[in-house]
Every structure is written in structure tokens, then in C-alpha cells.
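Below, each chain spelled out in residue letters.
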Amino acid sequence: MDLKTYIESGILELYVAGQLSDQENREVYDQMRKHPEVLQEVLEIEAAVIKLTAAVSPKPSAYIFEHIKKHLGLNEEETKVVSITRPKHNWLTYASVAAAVLLGVGLFWSINQNNALEKQISDAEVENSYLEVQMEDTRKELAATENILKAIRGKDVIAIPLGGQGDFASTYAKVYWNKKENLIYLDAQGLPEAPEGKVYQVWSLTLNPLTPTSLGTIDDFNSDDTKIFNIKNTNESQAFGITLEPAGGSEIPTLEQLYTLGIVSTT
Amino acid sequence: MQLDTLVLNFQNKDEKAFEELYNMYSESMHGVIYNIVRDNDIAEEVMQDIFVKAWQKSNSYDASKGRFFTWILNIARNAAIDKVRSKDFKNAKKNLNSDFFVDILETSESLNDQTDAIGIKKYVDILQEKCKKIIEFLYFKGYTQKETSEELDIPLGTIKTRNRNCINELRKMLVE
């Protein structure tokens, strides 16, 4: 992908706004880790948005963070105890002091009670907004899964199981190929995590003579939860294979590292 | 990446990291919340709540799903909107006018005394009208692309690039 076009597309601005799908978010995340230019751009966008939003604030009170810490019980300070000497008083003073104290305690109690209830309500509201964020995440994930399901169920899609090879006999994958749209969906759930510095590379093969064509590397294999990847394929493939290659991929497949292979049935 | 470490430390309950993140984002969050609730006391209260909850729920943040700023921005917007919808808010208030963030910048008494903010006001004034709105909807209000396109009556496909141009304008102003 052309980095400049990617940056110019405006996707990073929406990323900071929080208006992308889960899949797009992950894509941006991977791009940021791969390309410092992308990260730099995101940081600058974020800085501009922070500056603008902060400018709208009528500067919050400086004590709020103290309140927050207190609320969370972080580094509590000891309360000071002040001793008082007692002068002598008559019973009336005692009685009125006692009455005042009682009244005070009562008032204090009901104010406290009220505050506690209000606090509970506002806690519940904030809790609510957390759940909303989580729900939104779940909704997006579900939509993404439904999309994948729809894509691989299509009438024009053929399924090709890729079996584990040699030392990797226990691994497997599946390719769903939509010839009309020149697209394959690779379900690579049966492959282990790629080790540091290595990537899986997908190959389209024609047999007789055996000619591999790279369909690219799966750079986000480890971070992708669904392990389903869509890949462009305009080849007249007769088989598909997956090898483990050094980061960046290879020109030709390393056959000792051939994990899975499957032939497109011609019937 | 320093910010990453900071966020990680925060998730590991490091109070210093918490304070640093608070210093980085609190004013911004306060601005976003204030723009929605339009009351300084309530905005402070909501902001305090979201940072308390952020600390308690720090583990629910996942860096691969978005920026930390975006995470907390999302929560701030939701909490502020919930507050506006809540009963005690309605009782105490006021029908909210549909003012935009730019209107806040224009009323000078609500501006904080930082020269920064005054500088921004000057520049935001010359932002295109469409830009003011697009930024309001996408960042301050958290509208989706679709909602923004409907609200502004511009095609969904052009939101991305148009917003990019607007943010570019803003960035240019900020570095000048």
C-alpha cells in the first residue's frame, strides 16, 4: 500500500475520532507499528484535537485530581487530632451543646445520605457509559463476523482445505475463493502464532510446471483475533500454500517451511 | 514509544503515570464535556467521575483497538450525554441550546486565560463553516460518519477527505 495515499485518505483523522470499524482500527494500529510516518501523523492529529478541545474548557479546578485520588483511596494522609482543654461550664451550656451536636449529627447524616445516593446515581451513569462503549465494540465485532460469514457462504465461493505438511502435519487452513471477485478468504486458525521476525506468506501455485506466485505476507497474523484474512487473487490458481518466511517475505517459497498445502479440485 | 509505556504503567496501577495522563488529557476532556453539558460544575463532576472509572477499569483499554486518548474521549462523551439525559440534570436545567464549540470560544469570559486558547480562538474563527461543524460532530459529539453526513447533507464518501482537510487547516494554524 502506498503510504502517502494511506495517510492522505483521512483514515487516521477518523481513527483519532474513534469512528472506524474494529478491523480498520487494527489495520491502523499495525501500520503505526510498521511505519513511523503513520505514527507521527497520528500523534500530530491527536495533538491538534487535544489543543482544540482543551481550548474550549473553562479550565477545570486544580483540586480535581486530589478529589479523584481521595475518592480512590490513593496515598491517604493522616488526619490530625487536635486536643482541647476543657473549661468549666454549667448544665445549660452542656445541654445546648448536646442539642446542637445532635442536630448537627442529624443534619450531617442526612446530607451524607443524600450525597451518597447522588454519588451512586452518577456512578451508575458512568458505569453505563462504559458498558455502552463495550457494547459498541461487541456490535462491531459481530458485524465483522457476519460479513465474513456472508462472504464465505456465497454461491460462487469454492472451499479449498489446506492440509498440514511434513513436520507441520498438525496444522491446517482453509481457503474460500471467490473467483468472480478475485478474492480469497483465508481461514488460518489452524496455524500457530508466527515467531518473532517471521511471517506467514501465502502462495498461489500452478502445477506442471510448478510455479509459485506470492499473494503476500500476513503481517497482522498474531494480532488478528479472527484469523481470517481477505487477500486479492487474480491468478488462475491450481493450489494454495502457506510458508513461514523471514519478515518482509521471500521471492520464492522456502519449502522446508511449507506448513499447509491444498489443491483446487477441478470437478 | 513513551506514551505506550505511560499507559501500560497506568494499567499496572502506577499513580504517577495516572497523574501524568490526567495532566495530559483532563483539560481536553473537560472541554468536550463542557461543550455538551454547558455547566462548569457539572462538567467538573463528570470529568472527575470518568477519571475515577478510568483508573478502576484501566484493564478494559486495549491498545490494538485505538488510541488511549480516543478511549477516554469516547467515555467522556458518553458520560456527558448520559448526564444531559438524566433526570436531575433536566430538573436543574435549562433547555440546552444547540450551540457549537466555536460559540464557546467566541464568548470570551468562558475562555481560559492561556494565550494558547486565545490564539486558537483567533484561528478557529477563520475555519470554514463546514469545518467547524464537521469537527464538532466527529470529535466533540462523537457522531458516526453516517450521522455526520446526514446532518451536514454531504455524501458519506466525502466525509473522510473533507475532515482530513479541516484537521489539516487546524494543524496549520496551530504550528504558525
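Predicted model, so just to flag it, every value in this text is computed and none were measured. (Residues numbered from 1 in each chain as written. Chains lettered and ligands numbered in written order. Predicted model: local features only at pLDDT ≥ 70, side-chain atom pairs only at ≥ 80, totals over all residues. Heavy atoms only, no water.)

## Some points on the overall build of chain A
Consideration 1: The helix and strand tally for chain A stands at six helices and eight strands.
Consideration 2: When the helices and strands of chain A are listed from N to C terminus, the series reads α-α-α-α-α-α-β-β-β-β-β-β-β-β.
Consideration 3: In chain A, buried positions account for 38% of the 267 residues.
Consideration 4: Pairs at least 24 apart in sequence give 59% of the contacts found in chain A among residues at least 6 apart.
Consideration 5: Split by element, the accessible area of chain A, about 16,300 Å² in all, is 56% carbon and sulfur. (Helix = DSSP H or I, 4+ residues; strand = E, 2+ residues; numbered from the N terminus. Buried < 20%, exposed > 50% of the residue type's maximum accessible area, 1.4 Å probe, protein only. Contact = heavy atoms within 4.5 Å. Areas by Shrake-Rupley, 256 points an atom, 1.4 Å probe, with all protein chains shown as cover.)

## Side note on the sheet that holds strand S2 (residues 172-178) of chain A
All names here are of chain A.
Consideration 1: As summarised here, the arrangement of the eight strands in space is S5-S4-S7-S8-S1-S2-S3-S6, forming an open sheet in which the pairing is antiparallel. The open sheet has two edge strands, strand S5 (211-218) and strand S6 (228-232), and neither has a second partner. Looking at each pair of strands side by side, their axes are set apart by 25 degrees on average, direction ignored.
Consideration 2: The sheet contact formed by strand S7 (residues 239-246) and strand S8 (residues 258-263) spans five bridges and is antiparallel. (Pairing = 2+ DSSP bridges. Axes fitted to C-alpha atoms, helices over the stretch in contact; angles between N-to-C directions.)

## Quick look at the interface of chain A and chain B
Consideration 1: Counting residues at the interface gives 61 residues for chain A, matched by 76 residues for chain B.
Consideration 2: Note on chain A versus chain B: buried area summed over both sides is about 6,100 Å², and carbon and sulfur give 63% of it.
Consideration 3: In this structure, the connection of chain A to chain B is made through 11 salt bridges.
Consideration 4: For the salt bridge of glutamate 27 of chain B with lysine 59 of chain A, the shortest nitrogen-to-oxygen distance reads 3.8 Å.
Consideration 5: Viewed at the interface, chain B and chain A are joined by 19 residue pairs in polar contact (both at pLDDT 80 or more).
Consideration 6: Those elements that provide at least two residues to the side of chain A that touches chain B are helix H1 (3-8), helix H2 (11-17), helix H3 (22-34), helix H4 (36-56), helix H5 (64-72) and helix H6 (91-153) of chain A.
Consideration 7: Take the side of chain A that touches chain B: its biggest share by element is 16 residues, from H4 of chain A.
Consideration 8: Among the residues forming the side of chain A that touches chain B, the class breakdown is 29 nonpolar, 15 polar and 17 charged. (Buried area = accessible area lost by both parts, 1.4 Å probe. Salt bridge = Lys/Arg side-chain N within 4 Å of Asp/Glu carboxyl O. Polar contact = N/O pair within 3.5 Å; in protein donor to acceptor, adjacent residues only side chain to side chain. Nonpolar A, V, L, I, M, F, W, Y, C, P; charged D, E, K, R; others polar.)

## With respect to the pairing of S5 of chain A
Consideration 1: Here seven bridges tie strand S4 (residues 198-206) of chain A to S5 of chain A, and the two strands are oriented antiparallel to one another. Pairing of leucine 205 of chain A across the sheet is with proline 212 of chain A, part of S5 of chain A.

## A short note on the packing of aromatic side chains
Consideration 1: Considering all chains together, one arrives at 19 aromatic pairs over all chains under this definition.
Consideration 2: Centre to centre, the rings of tyrosine 130 of chain A and tryptophan 71 of chain B are 6.2 Å apart; their planes meet at 70 degrees, and the pair counts as edge-to-face. Of this pair, tyrosine 130 of chain A sits in helix H6 while tryptophan 71 of chain B sits in helix H4 (residues 68-85), placing the two residues on different chains. The same class applies to tyrosine 130 of chain A as to tryptophan 71 of chain B, namely buried.
Consideration 3: Centroid distance tyrosine 25 of chain B to phenylalanine 68 of chain B: 5.9 Å. Interplanar angle 40 degrees. Geometry classified as tilted. (Phe/Tyr/Trp six-rings, centres within 6.5 Å; stacked < 30°, edge-to-face > 60°.)

## Brief notes about the confidence of the model for chain B
Consideration 1: Residues with a pLDDT of 70 or more make up 82% of chain B, whose mean pLDDT is 84.
Consideration 2: When mean pLDDT is taken per element in chain B, helix H2 (residues 15-37) of chain B scores highest with 93 and helix H7 (residues 115-125) of chain B scores lowest with 65. (pLDDT = per-residue confidence, 0-100.)

## Some thoughts on the packing of H6 of chain A against H4 of chain B
Consideration 1: Contact geometry of H6 of chain A with H4 of chain B gives a least axis separation of 9 Å together with a crossing angle of 130 degrees. Taken together, H6 of chain A and H4 of chain B sit at an angle that is classed as oblique. The hand of the H6 of chain A/H4 of chain B crossing is right-handed. Of the residues in H4 of chain B, those touching H6 of chain A at Ser122, Glu125, Asn128, Ser129, Tyr130, Glu132 and Val133 of chain A are Trp71, Asn74, Ile75, Asn78, Ala79, Asp82 and Lys83 of chain B. (Parallel < 35°, antiparallel > 145°, perpendicular 65-115°, else oblique. Left-handed = near helix turned anticlockwise from the far one by under 90°.)

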